[in-house]
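Each chain is listed here by its residues.
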Amino acid sequence: MIRSKQLWWTLALAAFAIFPLVVTNPSDTTIAFFALLYMACATSWNMFSGYSGYIALGSGVFYGSGAYTMALISVHAHMAPGAAMFWLVPLGGVVATLIAIPVGWAALRVRRHTFVVITIAVFFVFQNMAINFGFTGGTAGLALPFITWDSSYYNIPFYYVALAVVIFATVLSVSVRRSRFGLQLLAIRDDEDRALGLGVKVGAVKRTGFAMSAFTIGMCGALYAMFVGQIYPQFVFDPMFDISIALMAFLGGLGTLTGPLLGALLLEAGQQYLTVTYSNGSLYLILFGALFLVVIMFMPQGVVVYFRDRVTKRADRERAVLAENEAALDLEKAH
Amino acid sequence: MNATALIDAAKDGILTGSVYALMATGLTLIFGVMDIINVAQGILVILGAYLSYALSVHLGIDLFLGLLITIPSLFVVGVVIERAFIGRLKGPEKTAMSILVTYAVSLLIEGALNIIFTVNDVQLHASYVNKSFLIGGIHFSFIYVAGFVMAVILLSALYFMLYRTRFGVSVRASLADQTSAALVGIDVRRVSTICFGIGVAVTAAGGMVYGATNAFNASTSYDLISRLLTIIVLGGMGSLGGAMIAGVSMVFIGDMVGVLWSPVWSTMAYFVVLIIVLLLRPQGLFGKPIARVA
Amino acid sequence: MNIRGKFFRALAVSAVTGASLLTIGSSSGAASSGTLAMGAPVKIGISLSLSGDFSADGLAYQQGYQLWAADVNKHGGLMGHKVVLDIVSDASSPTQVVTNYQKLISTDHVNLVFGPYSSLLTLPAAKAVSRYGYAMIEGAGGAPSVFQAGLKNVFDVTLPVANDLQPFAKWIASLSASKRPTTAAYVTSNDPFTQPQLPVAQKIMEKAGIKTVYNKVFAAEQTDFTPIADAVASAKPQVVVLGAVDVPTVSSFMQAFEQSGYNPKVFIATAGPDQGSSFLKAVGAKNANGIMVPNSWYGGSANPMSKVMVAEYIAKYGGTPSGVNADIAEAYAVGQTVAAAVNATKGFNNAAIIKYLHSGVVVQTVQGATSFNSLGQNLNMTAYTFQWQGKKFVQINPASDANSVKALFPKPAWGK
C-alpha cells in the first residue's frame, strides 16, 4: 500500500508539473501561480500552527518581510530585471526567519488565546513600520525592476519556482511530522503541561517550529513581489493574508499534511475564479460565503478528514470488531 | 505642547473609547459565556448602523428612538445565526471553528448590505449629531457623550443580568461546566442562544453611535473587527468592565502619541502597549487568571 | 495504508479535475490583431473594485464607463462596431487585478482595456497589461509612482495630482493683506495621492507670510480622526488644508471641528468634496457650505461635451449637475480618449493606439483638452478650485477663467 500512496503523490506532482504545458492560457496560469503560493504558505503555517495548536494570525509579517527583501535589494542593487532575481527568493525566507526568531521568543511566552492576539498585534506593528519608515518607500510602495518577458512566457518560470517552493514546504512538513521534533509539537498540541512533564523542551520546540514556518512564507512573499512588480505596505502586510492561510488549513484539515495543500488550492483558485467570473462583486461575496458555510457545517474537521473518515469508517468497524475479540481474549487470559 | 490639546486627547480617548467598548461588549459577552469568537461582530455593527440609517431616512424615525427597533431586530438576527450555525458546533475545536463560521456569515451579510445599500459611504444624521456643549471650557460632543452614557448603562445592565438574576446564574453555571449545568436542569442550549442574541443586540447601539460619528459602508467592518478583538483581549476575554477600560485605553494611548509625537505612530503605539501588557498579564487586564482550554 | 492511498487518489483526481476545469473555455491568448470582423462588437475589458476599500469610487467609475459606452453605441459604435464592456470586480485587491486583466485579455479576448480605480491598483495592472502590448488608458492613476515606473503604455487622462493645490494657494496668497488669513494647518493622510500635494501649497502660502501652525501626517489606516481634528482645532488655524482620499475622512474632520466649536475661514480637502451627492449625503447639505476641493472637472463645467454628458447622467441616475461625482467624468474621458485614438488609427491595434497617443496629439474630452507627455501624463489641463455654495458645487478659481464665481470667504458657520 505504501507503493500506492507514492503512486498518487507522483501522479499529483506530475499533474502540477505538466499543468502550464497543457493549460497555456496566462490567466489560468496566473491563478495557478497564486494558488501555489498559498499552498506553500498554508502548508508552512500548518507545520507550526496545525501541529502545535498555536494558531498564528500574524504570518503576514513574514510574507511582507520577504516581499520587502526582494523589493529593496533588487531596487538598491540595481539588479537587471530577469531570472537572476529569483536568487533573492531564498534570501526573503532567511530574512523572514531572522525576524521570526525574536517575534517567536516574545509571542510564545504566553499560551494559545493570548498568542493569537499577540501575533495579530505584532502584525500591525510591522505593517505600521512598513508604512512609516522612510526606506520602505512609505505608502507609495516600491517598484521593482520591470521584467519584460513576453506575456505567453512570463508566468511559466514563476509557476515552476512556486511549485518548487510548494515541494520544499511539503517535504519539510513531512520530515517534521515524521521526526521526533514533530512528535514533540504534536505532544504540545495535545497537552502542553504533560509534554513539559515528560521532559519536552516546549519553549525551544515551539520557537524552532515557529521560525521554521516563517522561512517558506518569506520565500512566497519575495516571489509575490517579483511577480506583481510593485508592492505597497498595506497589500504585502495584509491582514486578510493571515486569515486566508489559516482558513485554508482549517478548510482542508488542520494538522493534516494534505489538508492545507488542498484547502489552499480550492480556496485561492476558487476565490479568484469566482471573483473573475461573477463580475458583480457583492454576489460573489454571498456565493463565496455560502459555499464556505456549507463546507464548514458539513465537514467541520476539514475536507481531507471528512473524506478520510468516510473511507475509514468501514475499516474502523472491522478493526473495532478485531479489537473486541482481542480484548475478550486478553480477559480470558487474565482469568 | 499646550495643555488644551492634552485635555482634548484625554476627553476624546474616554468618549470615543467608550463607543468602541459599546461595540466590543457583545463580542466579549459571547466569548466569555460561549467560547465563541464572533468575527462577524464588525459587520453586525455596520448592519446595526444601516438599520438605523434606513429607519431615519425612509421612515423619519429618530436615531435613539430607532434603537427600540434595531436592538430587538439584531437580537433576532443573533438568535438565527446561533440556531443555524453556531449552536451546531461541537467538540474541542469549537472556538477555532466559530471563527470560520462567523467569518463566512460576515461575508454573506457584507454582500447583502452592498446590494441593498450600495457601496457609497453614508452617515447618520440628526439635528443633534454635530452638536456639542461646553463644560469648563471643554467642548463635549453630544453624540459621544450619549455613546458613553449608553455604554455605561448597557454594561451595567449586562453586569446586573449576569450576576443578579436567575438567568445570569444559569449563564454562569453553563459557563463553568456545561454538563453539570444540564444536570441541574439548566437548558444550556437555550441559554447559549439567548446569550448570543443579546451579544449581537447590544451592537445595534454601538453601530448607531459609530454610524453617527463616521461615514461608513460594508467594508468598514474589516477595520472594526481587528480593533474590537484586540480590545476584548486587552480587557480580558469575557470581562465586561475590561472591555470598557481597554476601549478607552486604546483610543487614549493613540491620542496621546498623536498629540505628543505624531499621529502616524498612534496605531502602532497601541499595539506595542497591547503586546507588553499581554506578555506581562497573558489573561488581559481583567481576565480570569486561568487560561481557558484551547 | 489503503485509506491513505485512496485519500491521495482523491487529491490527485481533484488536481487533475481542477486543471481541466480551468482549461474549459480557454485557449491560448494572443494580442488582438487590430481588425474586427464586420458586425462583431468591440470588447473593452475593465477591472473595477466593486467591493472592498475602493468600492465607492469603483461604482462611480462603472457608471462613467457605462455612460460612455451607451453614448458611443447610440451613435453607431466605434468604427461601426458596437461597444461591449467586460467589467470584472477585483475586490480592491492588487493580486486579483493582475489576474483580472490577464483573464480579460487572454480568455475573454478583449480588444482594448480601460484602467481600474486608484493608483494602487493601476500600477500592478499596467505592468501586467504592458506585457501584452495593450494600452492602459486610465483616469485614476495619477500618483507620481505610476509615471516613474517607466511604462510606455500608460496614459492618465486626468491631471497629475501633485500641482492640484497650486491655484488655491496662489489665490490665498493674492488676497489683500487685510483679508489674507495669517495662519494655516496642513494635515494629511500618508497616501501617495495626497502627500505630494500639500508641500506645494504650503510653500506658496508660507512665502506670502501665512504662518504654519500645524503640520502633521496621519496614518492612512486611521479610523478615528477626532483627536487629530481636535489638535488642529486647538491650534486655531484660519486655513485648513486636508489631504484626504475619501469622503469618510473629510466628514469626520468636519464633524469634529463643529463639535469643538471651531470654524476655519477656509477649508479645503484634496478629495472627498468632489464626490457630488455622495459627499452631501455623508456630511449633510448644510455643513458642506464653503468647503473647497481642487480638481480639473466639475458638474457645472461649460465644456459642451461635459454638458451633454451631465444631462445624460441626470436623465439616467437623477440629481443635479452638482451631484455628479468627478469620477464619472474621469471614466468618461478615458472612453473618449480611446475612441479618438481608435478613429484616428482606424482600428483596434494597441501598438498603433499607443504610438498615436504618444505623438503629442490633442484629444478633446469632457475634462477638456487632453494630450500626453512621454510618461503618459496629461499636462494639458488646468487645475481648478471648486467650492460648495449651498447645494451647488461651483468653480471659484483661477479667477482668469470666465466660469469662476466669487468664492464664499470666509467660510460661513457650520450648518449655515
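Remember, it's a predicted structure, so these values are computed and weren't measured experimentally.

A. Here's a closer look at the overall build of chain C. On a plain count of helices and strands, chain C comes out with 13 helices and 14 strands. Relative to a compact globule of 416 residues, whose C-alpha radius of gyration would be 22 Å, chain C shows 23 Å and is just as compact. Referenced to the eigenvectors of the C-alpha coordinate spread, the extents of chain C come out at roughly 80 × 65 × 40 Å. Residues classed as buried in chain C amount to 61% of the 416 residues present. Across chain C, every contact between residues at least 6 apart in sequence was considered, and the portion connecting residues at least 24 apart equals 72%.

B. Highlighting the domain arrangement of chain C. Residues and elements named next belong to chain C. Along its sequence, chain C is organised into domain 1 (42-162 + 322-370) and domain 2 (163-297 + 384-397). Taken over C-alpha atoms, the centre of domain 1 sits 30 Å from the centre of domain 2. Listed per partner, the contact involves 17 residues of domain 1 and 18 residues of domain 2. Elements supplying a minimum of two residues to the side of domain 1 that touches domain 2: α5 (144-148) and α12 (326-345). Split by residue class, the side of domain 1 that touches domain 2 holds 10 nonpolar, 7 polar and no charged.

C. Quick peek at the sheet that holds strand β3 (residues 112-114) of chain C. Residues and elements named next belong to chain C. With respect to topology, 5 strands assemble into an open sheet ordered β2-β1-β3-β4-β5, the strand pairing being parallel. Only two strands of the sheet have a single neighbouring strand rather than two, namely β2 (83-89) and β5 (154-156). Adjacent strand axes in the sheet meet at a mean angle of 25°, parallel and antiparallel pairs treated alike. Where strand β1 (residues 42-48) and β2 come together, 7 bridges link them in parallel fashion. Looking across to β2, one finds that Gly45 is bridged to Asp86. Set on the sheet, helix α3 (residues 94-106) makes contact with β1, β2 and β3; between it and β1 the angle comes to about 170°. Docked against the sheet, helix α4 (residues 119-130) engages β1, β3, β4 (136-138) and β5, running at close to 155° with respect to β4.

D. Molecular detail of the pairing of strand β7 (residues 211-218) of chain C. Sheet topology note: the strand β6 (residues 183-189) of chain C/β7(C) ladder contains 7 bridges and is parallel. Paired with Ala184(C) across the two strands is Thr212(C), which belongs to β7(C).

E. A look at helix α5 (residues 142-164) of chain B. If you check α5(B), its first and last C-alpha atoms are 32 Å apart, about what 23 residues at 1.5 Å a residue would give, namely 33 Å. Buried residues along α5(B) sit in contact with α1 (3-34), β2 (138-141), α9 (203-213) and α11 (240-260) of chain B.

F. Here's a closer look at the confidence of the model for chain C. Residues and elements named next belong to chain C. For chain C, per-residue confidence averages 87 on the pLDDT scale, and residues scoring 70 or more make up 92% of the total. Note that residues 1-32 has pLDDT below 50 and, in this model, 65 contacts with residues that lie over four places away or in other chains. Of the two predicted TM-score estimates for the complex, the pTM is 0.86 and the ipTM is 0.82.

G. Spatial organisation of the environment of Gly76(C). Within the secondary structure, Gly76(C) sits in the loop between α2 (55-74) and β2. Once the C-alpha coordinates of Gly76(C) and Ala315(C) are considered, the two residues, 239 residues apart in sequence, prove to be 21 Å apart.

H. Layout of the nonpolar core. The biggest cluster of nonpolar side chains holds 352 residues, and the ones touching the most others in it are Leu36(A), Leu37(A), Ala162(A), Leu223(A), Ala225(A) and Val113(C). With 16 residues, the single largest contributor to this core is helix α2 (residues 26-52) of chain A. In this structure, this core is formed jointly by two domains, domain 1 (42-162 + 322-370) and domain 2 (163-297 + 384-397) of chain C, each of which donates at least three residues.

I. Quick look at the pairing of strand β10 (residues 291-295) of chain C. All names here are of chain C. Burial analysis of β10 places 5 of its 5 residues in the buried class, which makes it a mostly covered element. Side chains of β10 alternate between two faces, with Ile291, Val293 and Asn295 and Met292 and Pro294 buried alike. Judged from the 2 bridges that link them, strand β9 (residues 266-269) and β10 form a sheet pairing that is parallel. What sits directly across from Phe267, in β10, is Ile291. Crossover connection from β9 via helix α10 (residues 277-283) to parallel β10: handedness right-handed. As paired elements, β10 and strand β13 (residues 384-389) share 4 bridges and run antiparallel to each other.

Cut-off values and rules
Residues numbered from 1 in each chain as written. Chains lettered and ligands numbered in written order. Predicted model: local features only at pLDDT ≥ 70, side-chain atom pairs only at ≥ 80, totals over all residues. Helix = DSSP H or I, 4+ residues; strand = E, 2+ residues; numbered from the N terminus. Rg over C-alpha atoms; globule rule 2.2 N^0.38 Å. Buried ≥ 20, exposed ≤ 12 C-beta atoms within 10 Å, placed from the backbone. Contact = placed C-beta atoms within 7 Å. Domains from an automatic or database assignment. Nonpolar A, V, L, I, M, F, W, Y, C, P; charged D, E, K, R; others polar. Pairing = 2+ DSSP bridges. Axes fitted to C-alpha atoms, helices over the stretch in contact; angles between N-to-C directions. Expected span 1.5 Å × (residues − 1). pLDDT = per-residue confidence, 0-100. Core = buried A, V, L, I, M, F, W, Y, C linked by C-beta atoms within 7 Å. Right-handed = clockwise from strand over helix to strand, strands pointing away.

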